[in-house]
Amino acid sequence: MTRLFDLDWTLTRLEDQGVWVHIACVSGNPLCGASPSMRPVHATPDGALAWAEEHMRLTGHRRYDRLSFDVVQWDPPGDVDPGVLPGVTT
């Protein structure tokens, strides 16, 4: 099967898929480890920031591990329908 990858493809975030965040406190000795990330309200960037701010105010802890997850997809130039390219799937 021949695949057509010699086009100028663009990596694009799929905005409708959202961005998910995991955040955990890594302050203290021993490590605090507090994390609200299992609750959906805190899985957004704004929710994670609000939780970290509240946790910092309550505990004084200033260090956090934070991971962001999003969905991206490679897109060919606008005048090319990816559905007609051999070997390309969604």
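Parameters and conventions
- Per chain, residues are indexed from 1 in the order of the written sequence.
- Residue-level local features of this predicted model are given only where pLDDT is at least 70; pairs of side-chain atoms are given and counted only at 80 or more, and the full residue set underlies all totals for whole chains, interfaces and linings.
- Just so you know, side-chain values use all the structure's heavy atoms and leave hydrogens and water out.
- The helix count covers DSSP runs of H or I at least four residues long, the strand count covers runs of E at least two residues long, and both are numbered beginning at the N terminus.
- Accessibility here uses a 1.4 Å probe with only protein chains present; expressed as a share of the type maximum, an area under 20% marks a residue as buried, one over 50% as exposed, and anything in between as partly exposed.
- Two residues form a contact once any of their heavy atoms are found within 4.5 Å.
- Surface exposure here means Shrake-Rupley accessible area, sampled with a 1.4 Å probe, where a residue is shielded only by the protein chains that are shown.
- One number per residue, pLDDT, summarises how confident the predictor is, and it ranges from 0 to 100.
- Only centres within 6.5 Å qualify two rings of Phe, Tyr or Trp (six-membered ring in Trp) as a pair; their planes then separate them into stacked at under 30 degrees, edge-to-face at over 60, and tilted for everything else.

Remarks on the overall build of the protein
Logical step 1: Scanning the protein for helices and strands turns up one helix and four strands.
Logical step 2: Helices (α) and strands (β) of the protein occur, in sequence order from the N terminus, as β-β-α-β-β.
Logical step 3: Split into buried and exposed, the 90 residues of the protein put 19% on the buried side.
Logical step 4: Expressed as a percentage of contacts within the protein between residues at least 6 apart in sequence, the contacts between residues at least 24 apart total 69%.
Logical step 5: Just so you have it, the protein exposes about 6,900 Å², and 55% of that area is on carbon and sulfur atoms.

Some remarks on the confidence of the model for the protein
Logical step 1: For the protein, per-residue confidence averages 83 on the pLDDT scale, and residues scoring 70 or more make up 82% of the total.
Logical step 2: Per-element mean pLDDT across the protein ranges from 88 in strand β4 (residues 72-75) up to 93 in helix α1 (residues 45-59).

Comments concerning the environment of A48
Logical step 1: With respect to the element layout, A48 can be found in helix α1.
Logical step 2: By relative accessible area, which is 0% here, A48 ends up buried.
Logical step 3: As for A48 and A24, which are separated by 24 residues in sequence, their C-alpha atoms are 9.2 Å apart.

Considerations on the packing of aromatic side chains
Logical step 1: Across all of its chains, the model carries one aromatic pair by this definition.
Logical step 2: Centroid distance W51 to Y64: 6.0 Å. Interplanar angle 85°. Geometry classified as edge-to-face. With W51 in helix α1 and Y64 in strand β3 (residues 64-70), the pair connects residues that are 13 residues apart, well separated along the chain.
Logical step 3: The class of W51 is buried, set by a relative accessible area of 9%.

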